[in-house]
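Residue-level structure breakdown
Single-letter residue listing:
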Amino acid sequence: MVEKQKFLVYRKNPGETPRYERYTVPLKPGMSVLEALFYIQDHLDSSFAFRYACRGAICGSCGITIDKFPQLACRTQVTAVKSTKKPLKLPELTFGEVPNDWNQETEILIEPLPNMEPIKDLVVEMEPFWKFYEEVKPYFVREYIDVQPESLQSFEDARSIEHLVYCILCGICWTCPVNATNSNYLGPTALAKAYRFMADTRVDDSHRSVIAGRVSKEDGVPACEKHFVCNRVCPKGVKPGTAIQNTRKEYLTP
Ligand code: SF4
Ligand code: FES
C-alpha cells in the first residue's frame, strides 16, 4: 500500500483573507516537500502557487515555512520533517489563523516565508529584499590591471570568506525579529553580502568604504539586535549574524 502524508497548507488570493487547506499526498521514496507541493498543484489544485527553479538548493527560490521552521522546500525530505530538530529559540511565526484541529503529530504545516508580504499562497513580495540587496552595492570594484592573472587571492583569504560566498539569496534569514518590526532594516542577507565584499582582499579600499558607509546607517548594522536567528536558520551555513558582528568590530567606528 502506498504511504500517504497529510499537509495543511496556507492559501491566499490577492486581497483576500488567508485560509488553510488540507491535502493528502502519496509518498515516493526520497520525496522532497517541493515534490509534494508539485503533487498538490498537478493533481489536487492547479491554482496553488509557489516558487522554485533549480530543485537543488542552489537558486534560493523555494524558501517556505515548514512546521513553523523556515527552510528550502527542495532540500527538505517529507519523511524527515517531523523528526528533524528545529533550531533553538525561533521567533513565533504567525501567518493566519491555523485551524485548532491541526494535528501536529501527523500533518505537515506549510506556510510562506515570514516578514515578507504574501502575494498569493506561498509566493511572497521580495521587492524590499532586492532593494536592500542592491543598496549595499554587493559586487567587485577594482582598478583594471592589464596583467595576468588579474585577481590573485591567497588560499587563506579565499577560505576566510568562503562560507559567505555560499549565500543563495533565499531570504530565509529574514526570519530575524528585527525584520518583523522594522521595514527599513537592511536585513541579514544584505548585511552578510556587504561583509562578504568588504572582507574580500580583492576589493579596493574606496569601494570598501562605500559599502561600510551604506551599512553603517541607522537601519543597517546598528539596527541588528544580536538575536542570531539568521545564523540558526540559514540553510547554507552563512552565519549572517556573525558577519554583522564582524562588520561592527572591523569597519564601523564605535
Ligand atoms: S544568508 Fe543564508 S538564509 Fe540568508 S539569504 Fe543567504 S543563504 Fe539564505
Ligand atoms: S528550488 Fe532552487 S533552492 Fe530550492
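These numbers were taken from a predicted model, which means no experiment stands behind them.

The next point concerns the site of ligand 1. Within the structure, ligand 1 sits among 14 residues, and Cys167, Cys170, Cys173, Cys234 and Val238 are positioned closest to it. By residue number, the principal contributor to the shell around ligand 1 is helix H5 (residues 187-198), which donates three residues. Its residues assigned to classes, the shell around ligand 1 comprises 11 nonpolar, two polar and one charged.

Let us look at the packing of H5 against helix H8 (residues 240-251). Put simply, H5 and H8 touch, their axes get as near as 8 Å, and they point 55 degrees apart. Classified by the angle between their axes, H5 and H8 sit oblique to one another. For the pair H5 and H8, the crossing hand works out as left-handed. Contacts between H5 and H8 involve Pro188, Thr189, Leu191, Ala192, Ala194, Tyr195 and Met198 on the former and, on the latter, Pro240, Gly241, Ala243, Ile244, Asn246, Thr247 and Tyr251.

Considered domain by domain, the chain is made up of domain 1 (4-124) and domain 2 (127-251). Computed over C-alpha atoms only, the centres of domain 1 and domain 2 are separated by 28 Å. If you look at the interface, domain 1 gives 17 residues, while domain 2 gives 15 residues. Looking at the side of domain 1 that touches domain 2, the element that brings in the most residues is strand E4 (residues 69-72), giving three residues. The residue makeup of the side of domain 1 that touches domain 2, split by class, is 12 nonpolar, four polar and one charged.

Let us now look at the sheet that holds strand E5 (residues 107-111). An order of E2-E1-E5-E3-E4 is seen for the five strands of this open sheet, with the pairing classed as mixed. The sheet is open, and its two edges are formed by strand E2 (19-26) and E4, each paired on a single side. Taking each pair of neighbouring strands and ignoring which way they run, the sheet shows an average axis angle of 35 degrees. Pairing analysis gives eight bridges linking strand E1 (residues 4-11) to E2, with the strands arranged antiparallel. Across the sheet, the residue bridging to Lys6 is Thr24, located in E2.

Reading guide: rules and limits
- Residues numbered from 1 in each chain as written.
- Chains lettered and ligands numbered in written order.
- Predicted model: local features only at pLDDT ≥ 70, side-chain atom pairs only at ≥ 80, totals over all residues.
- Near = placed C-beta within 6 Å.
- Helix = DSSP H or I, 4+ residues; strand = E, 2+ residues; numbered from the N terminus.
- Nonpolar A, V, L, I, M, F, W, Y, C, P; charged D, E, K, R; others polar.
- Axes fitted to C-alpha atoms, helices over the stretch in contact; angles between N-to-C directions.
- Parallel < 35°, antiparallel > 145°, perpendicular 65-115°, else oblique.
- Left-handed = near helix turned anticlockwise from the far one by under 90°.
- Contact = placed C-beta atoms within 7 Å.
- Domains from an automatic or database assignment.
- Pairing = 2+ DSSP bridges.

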